[in-house]
Amino acid sequence: MVIELEPVVDEPALIVRSTTTALVVGDIHLGIEWDLYRSGISIPSRMKHGLERILGYIRQKSPDRIILLGDLKHNVPQISWQERDEIPYFLESLAEYAPIDIFPGNHDGGIEHLVPRRPDIRIHPVRGSVIEGVAYFHGHTWPDPSLLSAQYIVTAHNHPTIRFTDSLGYSVTEQSWIRTKLNMDVLGEHFRDSGMQLRKGKDVPELIIIPSFNELCGGVAFNESLDDDLLGPIFSSGAVDIDNAQVYLLDGTCLGALRHVRKLVESRPGTGKRKRKVVKK
């Protein structure tokens, strides 16, 4: 089976082509406005704006299925009135165009109460599953060991970004795609009781981390982060090769390996801070 992964240019969305075509979007965080309102920030709901963006992808790419890669809702542990009102409408609207696969994230507690009961909307296990040779899971848990047999593993959760800072201290944060390999020795240790024979060498699955769809969520600056700073057990355990990860901006610009991006002067934390002069007496 030939598998092709194609990011939508200038958008945080992925097209996966195998037997059929899938549109993948993660970290939509519907209901975040309600949470911001409780913190004293009043923003009108952007649900319809987000829905129109995704419908634009659908009209452009004509996918056979829509994969929502976790954190469809925002508020935890409760379900807000906004989510009760908007999520069923959002899902019903998308399901008119293609079947939907939902991979629950850490913000999706109780999502089963918001999903319309229809056969073309499916909720997958939290630890993920494989669809047509590609593995998907949100990223806040260990993956199911069956995912390690896939050629590609697509995940979300970390909202990857790259932050650049000039000599005056002005920072610009850009959403990014992260593409890397897994450390099978670490995964083999974790899954040693499963009896699985994990692949080695060139057969190691590629991990694709997609950007957050919701621009209000912020993100994690990968060029300023170590394994312990990233979210999810596969990162904190060292099971992801972060240093050699390839970084791409939304417009398709390849920045190269993350270890090289970190060495850029503009990429170092505190670039804009003046060093205190030491006066010898």
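Residues numbered from 1 in each chain as written. Predicted model: local features only at pLDDT ≥ 70, side-chain atom pairs only at ≥ 80, totals over all residues. Heavy atoms only, no water.

Colleague: Could you give an account of the pattern of salt bridges, with specific residues and numbers?
Modeller: All told, the structure shown has 15 salt bridges when counted by the stated rule. Salt-bridge contacts for Arg 59 lead to Glu 52; the nearest nitrogen and oxygen are separated by 3.7 Å. We classify Glu 52 as partly exposed; its relative accessible area is 44%. In this structure, Glu 224 and Arg 163 form a salt bridge, with 2.7 Å as the shortest nitrogen-oxygen distance. With Glu 224 in the loop between strand E13 (220-221) and helix H5 (233-236) and Arg 163 in strand E10 (residues 160-165), the pair connects residues that are 61 residues apart, well separated along the chain. Judged by relative accessible area, Glu 224 falls into the partly exposed class, the value being 24%. Look at Arg 163 and you get partly exposed, because its relative accessible area is 29%. Overlapping salt bridges, with partners in common, bring together Glu 11, Arg 46, Arg 53 and Glu 215 in one network. (Salt bridge = Lys/Arg side-chain N within 4 Å of Asp/Glu carboxyl O. Buried < 20%, exposed > 50% of the residue type's maximum accessible area, 1.4 Å probe, protein only. Helix = DSSP H or I, 4+ residues; strand = E, 2+ residues; numbered from the N terminus.)

Colleague: Could you give an account of the nonpolar core, with specific residues and numbers?
Modeller: Among the nonpolar cores identified, the biggest contains 30 residues, and Ile 28, Ile 54, Leu 72, Phe 90, Leu 91, Leu 94 and Ile 100 are the most heavily contacted of them. When contributions to this core are tallied by element, the ones reaching two or more residues are strand E3 (21-25), helix H2 (47-61), strand E4 (65-68), helix H3 (81-95) and strand E5 (100-102). With six residues, H2 is the single largest residue contributor to this core. Not counting the four nearest positions on each side in its chain, Leu 91 is found in contact with Leu 68, Leu 72, Ile 100, Ile 102, Leu 114, Val 115, Pro 116 and Ile 121. Ile 153, Ile 162, Val 220 and Val 240 belong to the second-largest nonpolar core, a separate cluster that totals 27 residues. (Core = buried A, V, L, I, M, F, W, Y, C linked by side-chain atoms within 4.5 Å. Contact = heavy atoms within 4.5 Å.)

Colleague: Got a sec to walk through the packing of H2 against H3? Specific residues and values, please.
Modeller: Remark: H2 packs on H3, axes separated minimally by 11 Å, with the N-to-C direction vectors making an angle of 15°. In terms of their interaxial angle, H2 and H3 are classed as roughly parallel. The crossing of H2 and H3 is right-handed. Contacts from Met 47, Leu 51, Ile 54, Leu 55 and Ile 58 in H2 reach Glu 86, Tyr 89, Phe 90, Ser 93 and Leu 94 in H3. (Axes fitted to C-alpha atoms, helices over the stretch in contact; angles between N-to-C directions. Parallel < 35°, antiparallel > 145°, perpendicular 65-115°, else oblique. Left-handed = near helix turned anticlockwise from the far one by under 90°.)

Colleague: A description of the packing of aromatic side chains should follow, citing residues and the corresponding values.
Modeller: Per the counting criterion, the structure on display carries three aromatic pairs. Their ring planes at 90° and their centres at 6.4 Å tell us that Tyr 57 and Phe 213 sit as a pair that is edge-to-face. Of this pair, Tyr 57 sits in helix H2 while Phe 213 is found in the loop between strand E12 (206-209) and E13, placing the two residues 156 residues apart along the sequence. With a relative accessible area of 4%, Tyr 57 lands in the buried category. The buried category is assigned to Phe 213, whose relative accessible area is 4%. Relative to Tyr 136, the ring of Phe 103 has its centre 5.7 Å away and its plane inclined at 40°; by these criteria the two rings are tilted. You can see Phe 103 sitting in the loop between E5 and strand E6 (121-123) and its partner Tyr 136 sitting in strand E8 (residues 134-136), a full 33 residues away along the chain. Exposure class is identical for Phe 103 and Tyr 136. Each is buried. (Phe/Tyr/Trp six-rings, centres within 6.5 Å; stacked < 30°, edge-to-face > 60°.)

Colleague: Can you lay out the pairing of E4 for me, pointing to particular residues and giving the numbers?
Modeller: Alternating positions in E4 separate into two faces, Arg 65 and Ile 67 on one and Ile 66 and Leu 68 on the other, with burial throughout. One ladder, built from three bridges, connects E4 with E5; its direction is parallel. Within the sheet, the bridge partner assigned to Ile 67 lies in E5 and is Asp 101. Following the backbone out of E4, through H3 and into the adjacent parallel E5, one traces a crossover that is right-handed. (Pairing = 2+ DSSP bridges. Right-handed = clockwise from strand over helix to strand, strands pointing away.)

Colleague: Give a description of the side chain of Lys 73 that names residues and reports values.
Modeller: Its place among the elements puts Lys 73 in the loop between E4 and H3. Judged by relative accessible area, which is 0%, Lys 73 ranks as buried. When near neighbours in sequence (up to four residues on either side) are disregarded, Lys 73 contacts His 29, Leu 30, Gln 78, Ile 79, Glu 83, Ile 87, His 107, Asp 108, Gly 109, Ile 111 and Leu 114.

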